[in-house]
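# Tertiary structure, described
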Amino acid sequence: MASARKVIITCAATGAIHTPSMSPNLPVTAEEIAKSAIDAAHAGAAILHLHARDPKDGRPTQDPEFFRPFLKEIKAATNAVINITTGGSPHMTVEERMRPAMTFQPEVASLNMGSMNFGLFPMLDRFKEFKHEWERQHLENSRDLVFKNTYKDIETILRRGSENGTRFEFECYDISHLYNLSHFAEKGLVKGPIFIQSVFGILGGIGPHPEDLMHMRRTADRLFGDQYQWSILGAGRNQIPLATMGAAMGSHVRVGLEDSLWIGPGKMAASNAEQVTRIRTILEALNCEVATPDEARQILGLKGANNVNF
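Residues numbered from 1 in each chain as written. Predicted model: local features only at pLDDT ≥ 70, side-chain atom pairs only at ≥ 80, totals over all residues. Heavy atoms only, no water.

When helices and strands are tallied, the chain shows ten helices and 16 strands. Over its C-alpha trace the chain gives a radius of gyration of 18 Å, about what one expects of a compact globule, namely 19 Å for 310 residues. In terms of overall dimensions, the chain has C-alpha extents of about 55 × 45 × 40 Å along its principal axes. Counting every position in the chain, which comprises 310 residues, the buried fraction comes to 57%. Summarising the internal contacts of the chain: among those between residues at least 6 apart in sequence, 75% fall at separations of at least 24. (Helix = DSSP H or I, 4+ residues; strand = E, 2+ residues; numbered from the N terminus. Rg over C-alpha atoms; globule rule 2.2 N^0.38 Å. Buried < 20%, exposed > 50% of the residue type's maximum accessible area, 1.4 Å probe, protein only. Contact = heavy atoms within 4.5 Å.)

And the structure:
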């Protein structure tokens, strides 16, 4: 009999896109991030993608000291794979964005595969009241902002991360990012299995139409053959529909309050775990099995939880 396909659920707990005023359920403090991530792992997330925030006002930060408390707590309470951002915030320098991954040497780090316009300002039409002035500026400033990740930046992150045994979640926001990734694979700086996170629905990147998803899949198949693992990230209301489409086509999935504050039309998600539970229900209805953290490690060729620096 054929065995069920193992699907990795990644949960992105807080991110740097949404601001505290947008949802009372967005985790901000180290305690909140730890609890939310642990609950998501218990709900079925094999990988936890983590950012940090300054607890005073919820501002994104890449200071490793803001990561340290929740990393230790999550590791003590779960067997989940920890994925630390090198994206941080578009307002940060590359050196700032690399600090946590270089300090803690996680099994996985995220890596955006190119520079791009990153338009967050449309959220000003939906959210009018903010607790902190930085929140409005954060969104407004994205009208004139390029998220910088040049070829030199990407090569630096690849080389320095690989020296620590860290593998990467390659975040591809457009078709050109797949070609950038192929370039580094041809140079020998990226080796399989390649973990591609296709990102849909961010203004400045590829759209959320099903044909966009199909185009990403066809291009990745042509460039990487059977040397990659595919995952789907849909922003906002596209989160669950696109993850479902991708899973039906053979992908892994990513959910979490970094990517969407919602669980349904007009209804905010109460937690990261609620989103994990929703996509897990769908995966099981598709006769997929949710991968455990150790199964995710095997699928992605990771170094193991005992070889990190936290």
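Both the distance between ring centres and the angle between the ring planes are used here to describe each pair of aromatic rings. Summed over the entire model, instances satisfying the criterion amount to seven aromatic pairs. Between the aromatic rings of Phe67 and Phe70, the centroid separation amounts to 5.5 Å while the plane-to-plane angle is 50°, which identifies the pairing as tilted. Separated by three residues within a single helix, Phe67 and Phe70 lie in helix 2 (residues 64-77), roughly one turn from each other. On the basis of relative accessibility, which here comes to 0%, the residue Phe67 falls in the buried class. According to the relative accessible area criterion, Phe70 is buried, its value standing at 1%. Every member of this aromatic cluster is reached through a ring pair, and the members are Phe118, Phe147 and Tyr173. (Phe/Tyr/Trp six-rings, centres within 6.5 Å; stacked < 30°, edge-to-face > 60°.)

So, about the sheet that holds strand 11 (residues 194-200). Remark on secondary structure: sheet strands pair via backbone hydrogen bonds, oriented parallel or antiparallel. One closed barrel accounts for eight strands, arranged 2-3-6-7-10-11-12-13; its pairing is parallel. Averaged over all pairs of adjacent strands, the angle between strand axes in this sheet comes to 25°, irrespective of strand direction. Bridging between strand 7 (residues 108-112) and strand 10 (residues 167-172) involves five bridges; their strand directions are parallel. Bridge pairing links Ala109 to Phe168 in strand 10. Packing of helix 2 onto the sheet brings it into contact with strand 3 (47-50) and strand 6 (81-84), and relative to strand 3 it is tilted by some 170°. (Pairing = 2+ DSSP bridges. Axes fitted to C-alpha atoms, helices over the stretch in contact; angles between N-to-C directions.)

Quick look at helix 10 (residues 293-300) now. Within the sequence span of helix 10, burial applies to Pro293, Ala296, Arg297 and Leu300. Looking down the long axis of helix 10, one finds its buried residues gathered within 105° of arc, a one-sided arrangement. Where helix 10 is buried, its residues meet strand 3, strand 6, strand 10, strand 11 and strand 12 (228-234). Positioned one or two residues after helix 10, Gly301 has a phi angle of 65°, which is positive. (Arc of directions from axis to C-beta.)

What follows covers helix 4 (residues 133-140). Along helix 4, the positions that sit buried rather than exposed are Trp134, Glu135, His138 and Leu139. One side of helix 4 carries all its buried residues, which in axial view fall inside an arc of 135°. In this structure, the buried side of helix 4 is in contact with strand 4 (52-53) and strand 5 (60-61).

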